[in-house]
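# Structural overview
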Amino acid sequence: MLLSVRVNNFLVFEGKAQLSLLADAGIKKFYSNVHACGDFEVLKSACVYGGNNVGKTCMLRALATIKKVLSDCDFSMPVNIFTQSDVCSLGVSFTAGDKAYSYDFSYDVSCNGGHSKGFVYERFAQIIKDGDAFSEREIFVRDTVNEQYRFDGDERLGELLGMVSSSNIAVFTINESKYPAAAECKKLLTDFARSVEVVDMNNIPIDKTISVLKDNKDIRERTVELIKLADLDIDDYLYADIPASDESISPQECVLKMGNSPEDMYRLTSVHKGKAVKSLVFDSTGTKKMVAIASYIIEALTEGKILVVDEIDSSLHFKLTRAIVSLFNNELNVNAQLIFTVHDVTLLDSRRLFRKDQIWFASKDEDGVKLCSLSDIIGQKNNSRNENDVMESYKEGTLGALPEPDLIAVLLGRDEDEAEDD
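Treat the numbers as computed from the prediction; the structure is a model and nothing was measured. (Residues numbered from 1 in each chain as written. Predicted model: local features only at pLDDT ≥ 70, side-chain atom pairs only at ≥ 80, totals over all residues. Heavy atoms only, no water.)

Moving on, we get to the sheet that holds strand E13 (residues 234-239). Spatially, the 3 strands line up as an open sheet ordered E13-E15-E16, and their pairing is antiparallel. This sheet does not close on itself; its edge strands, each paired only once, are E13 and strand E16 (275-278). Neighbour to neighbour, the strand axes of the sheet diverge by 25° on average, direction disregarded. Pairing between strand E15 (residues 268-272) and E16: 4 bridges, direction antiparallel. Counterpart to Thr 269 in the pairing with E16 is Lys 278. Its contacts with the sheet place helix H4 (residues 207-215) against E13 and E15, and it is angled at close to 90° to E13. (Pairing = 2+ DSSP bridges. Helix = DSSP H or I, 4+ residues; strand = E, 2+ residues; numbered from the N terminus. Axes fitted to C-alpha atoms, helices over the stretch in contact; angles between N-to-C directions. Contact = heavy atoms within 4.5 Å.)

Dropping the structure here:
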């Protein structure tokens, strides 16, 4: 499970920022929203609120980038354009069984003789909890700037870290068959990467749901039941085994990523009151999005994955969004997590849905982007605002800088300009 994500000099983040899913030991409410992984109490879900371009999506993109790096996939590393540094730093902490680990790296995007400097720093460590305190047992360090190379318990492997290429992270540049310790590190990091699924609700890959409907009987029924919640008229949802016919009516919007076989999308069939229709041309935007995201939700809950969703409330009814969150907070869920960005203020419910440490706010001012939890904010304000007033506090802007659009002034200003022209 995910414990935290760290960023520095990445996209809108000029300095350091962290999203933590470690449960606040001082909060006793909704203990079913917490899962115990060994010595660590981990939140099952977390939401991030805030205005536009304040860092919500950027934090999720950081986690997506970490996944790509740890999966040995192509990635981009966009630094903040308003700083003088070409070095971006990302980090993640996670549990594996009853143990926890942290991994951090720095990537230099500048060029040296036409070649990227690449990964200039890496550190992998095991997190140790002793009472309320945390410490770390360093497993390896590769620091090309300060020329420090260490691998716990293996001096030869430490020396090797100073000789491998900086074009990739250490675990993909060392011969794991010769160095079992490096192979163990690689497995921990790549297993974590495989457990993370990142989805944008405005461009959802449909391939996973098609695959489930075609081949995965184990989770097909639960996926279909979740889809049916999006439209009370749907009796069933299936992948038709007949070839898709030519359609004279095209979908009014494109909310799904087409994938490798667009024809498969036209085979998706919803049954409304006994009548089978092409889902792509008949169903609403919200239903289509639910079709695409349903398989990710069920797979995460079934296999214990970390589902990361940008704008989870996009085109979905607020009760449906709330139900999805409740699936992850439920006591029956023991190892899946949901991290998402959202604008829907009806989810700002610390009385019936979330603990204070599950609600996060992103804001931006002259000093840069800030990210903090409701638990931290209330603590800083000495509980001056009751947690039951979270929704009102957010709408008033006391929980983070929000846009104040004066649309009337904009319209009046345009009218005045037009009058002057006349």
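Examined against the element boundaries, Ser 270 turns out to sit in strand E15. Here His 272 takes part through its side chain, which lies 3.1 Å from a polar atom of the side chain of Ser 270. Discounting chain neighbours no more than four positions away, the residues touching Ser 270 are Ile 234, Asp 236, Tyr 237, Lys 275, Ala 276, Val 277, Ser 279 and Asp 283. (Polar contact = N/O pair within 3.5 Å; in protein donor to acceptor, adjacent residues only side chain to side chain.)

A separate point is the sheet that holds strand E17 (residues 306-310). With mixed pairing, the 6 strands of this open sheet are ordered in space as E11-E17-E18-E5-E19-E20. Edge positions in the sheet fall to strand E11 (196-200) and strand E20 (368-373), since each has one partner strand and no second. Across the sheet, the mean angle separating the axes of adjacent strands is 15° when strand polarity is ignored.

On to the layout of surface pockets. Looking at the largest pocket, its volume works out to about 510 Å³. Counting residues per element, the ones that place at least two in the lining of the largest pocket are helix H1 (56-70), E11 and E17. Among the elements that line the lining of the largest pocket, the one with the most residues is H1, at 7 residues. Classifying every residue of the lining of the largest pocket by side-chain character gives 12 nonpolar, 4 polar and 7 charged. (1 Å grid on protein atoms, 1.4 Å probe; cavity = no way out; pocket = protein on both sides within 12 Å on 5 of 7 lines; lining within 4 Å. Points joined across faces, edges and corners; volume = space filled by probe spheres on them. Nonpolar A, V, L, I, M, F, W, Y, C, P; charged D, E, K, R; others polar.)

As a further point, take the side chain of Lys 44. Within the element layout of this structure, Lys 44 appears in the loop between strand E4 (40-43) and strand E5 (45-49). The side chain of Lys 44 sits in the buried core without any salt bridge; Glu 331 is the nearest counter-charge, 7.5 Å away. Non-local contacts of Lys 44, meaning those with residues more than four positions away in its chain, are made with Ser 32, Asn 33, Val 34, His 35, Phe 328, Asn 329, Asn 330, Glu 331, Asn 333, Ala 336, Gln 337 and Leu 338. (Buried < 20%, exposed > 50% of the residue type's maximum accessible area, 1.4 Å probe, protein only. Lys, Arg positive; Asp, Glu negative; His and termini not counted. Salt bridge = Lys/Arg side-chain N within 4 Å of Asp/Glu carboxyl O.)

It is worth spelling out the environment of Asp 313 at this point. Residue placement: Asp 313 occurs in the loop between E17 and helix H9 (318-329). A relative accessible area of 16% places Asp 313 in the buried class. Here the alpha-carbon distance between Asp 313 and Thr 341, two residues 28 residues apart in the chain, equals 8.4 Å. Not counting chain neighbours up to four residues away, the residues in contact with Asp 313 comprise Thr 321, Thr 341, Val 342, His 343 and Asp 344. One polar contact links the side chain of Asp 313 to the main-chain amide nitrogen of His 343, over a distance of 3.3 Å.

Moving on, we get to the nonpolar core. Grouped together as the largest cluster of nonpolar side chains are 69 residues, with contacts concentrated most on Leu 2, Leu 90, Tyr 103, Phe 124, Phe 140, Ile 174 and Phe 192. Element by element, the count of residues in this core is highest for H1, at 8 residues. Beyond its immediate chain neighbours, meaning those up to four positions away, Leu 90 contacts Arg 6, Val 7, Phe 10, Ala 62, Thr 65, Ile 66, Met 77, Tyr 103, Asp 104 and Phe 105. Ranked by size, the runner-up nonpolar core spans 49 residues in total, among them Tyr 49, Ile 206, Ile 312 and Ile 377. (Core = buried A, V, L, I, M, F, W, Y, C linked by side-chain atoms within 4.5 Å.)

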